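Residue-level structure breakdown
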Amino acid sequence: MKRPGRKLTREDFADPKPTRAARFFLGKFLCVQAPDGYTEGMITETEAYGDHRDAACHGFGNRRTARTEILFAPGGVSYVYLCYGLHHLFNIITGPQDSPEAVLIRAVQITGGGEIVRQRRPGVAKKHWASGPGRVCTALAIGMHHYGSDLMGETIWIEDRGVKVPGREVKRTPRIGVDYAGTWAKKPWRFVWTPSSA
DNA sequence: CTCTCGATTAGCT
DNA sequence: GCTAATCGAGAGA
């Protein structure tokens, strides 16, 4: 029997340690209600960013600008930005106010709204529908209009459906594409979950 | 104002 | 494996 799932609340986003938060979101469900329909996916890959000491984090050195300001909000809102002028990347803001922590969602497994995702990713194999941070946003129709969105609302939210993610199925690696961050680039802050029974 | 470059992807060799 | 695509944030003058 399929339970409806528990929508995450404030305290689920409050963890001050971004690596623990990134691990926590594996197996949770990212749900998006868009104009062309509802789609959702189970989170399978994440990366941790923050706090202000992390040279790879946009909030490094407590840099506060129009773009990075949302990083300093209390956990539970969305941070979306345009990368390489082409791709949107979606982050979950975590941790306390005035400290920049975020979890980048790098991949999800589409679990609902498959027909709509198929239209959004024409000609793409299901396997690659949302395997990559830019692809996740395309598949779930996440865009700049989600910048700062409340992740506990009715448009975009996270659910816990009781999925267990065994530690043995989670691999940790350095983060992707952050070589500019020196020693911080080497930290194993990327979490990849490969379900044994996919 | 100008310049650089990025938390990537898709398509081609 | 290589790289074009594509544009705004951020930094410096």
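Residues numbered from 1 in each chain as written. Chains lettered and ligands numbered in written order. Predicted model: local features only at pLDDT ≥ 70, side-chain atom pairs only at ≥ 80, totals over all residues. Heavy atoms only, no water.

1. Description of the overall build of chain A
- Each helix and strand in chain A was counted, giving three helices and nine strands.
- Start at the N end of chain A and walk to the C end: the helices and strands fall as β-α-β-β-β-β-β-α-α-β-β-β.
- In terms of overall size, chain A behaves like a compact globule, its C-alpha atoms giving a radius of gyration of 16 Å where 198 residues would be expected to give roughly 16 Å.
- With the C-alpha coordinates of chain A rotated into their principal frame, the extents come out at 45 × 35 × 35 Å.
- Within the span of chain A, comprising 198 residues, buried residues form 54% of the whole.
- Split by element, the accessible area of chain A, about 9700 Å² in all, is 55% carbon and sulfur.
- Once the 29 positive and 19 negative side-chain charges of chain A are each reduced to a mean point, those two points are 6 Å apart. (Helix = DSSP H or I, 4+ residues; strand = E, 2+ residues; numbered from the N terminus. Rg over C-alpha atoms; globule rule 2.2 N^0.38 Å. Buried < 20%, exposed > 50% of the residue type's maximum accessible area, 1.4 Å probe, protein only. Areas by Shrake-Rupley, 256 points an atom, 1.4 Å probe, with all protein chains shown as cover. Lys, Arg positive; Asp, Glu negative; His and termini not counted. Charge placed at Lys NZ, Arg CZ, Asp CG, Glu CD.)

2. A word on helix α1 (residues 18-25)
- For α1, the set of buried residues is Pro18, Thr19, Ala21, Ala22 and Phe25. Angular distribution of buried residues about the axis of α1 spans 160°; they occupy a single face of the element.
- Elements that come into contact with the buried residues of α1 comprise β3 (37-49), β5 (87-93), β6 (102-112), β8 (170-173) and β9 (190-193).
- Count one or two residues on from α1 and you reach Gly27, which has phi positive near 85°. (Arc of directions from axis to C-beta. Contact = heavy atoms within 4.5 Å.)

3. Here we look at the packing of aromatic side chains
- Scanning the entire structure with this criterion turns up six aromatic pairs.
- Three or more aromatic residues joined by ring pairs form one cluster here, namely Phe13, Phe24 and Phe25.
- Taking NZ or CZ as reference, Arg64 lies 4.3 Å from the ring centre of Phe72, over its face.
- Lying over the aromatic face of Tyr81, Arg67 brings its terminal NZ or CZ to 5.2 Å of the ring centre. (Phe/Tyr/Trp six-rings, centres within 6.5 Å; stacked < 30°, edge-to-face > 60°. Lys NZ or Arg CZ within 6 Å of the ring centre and 35° of its normal.)

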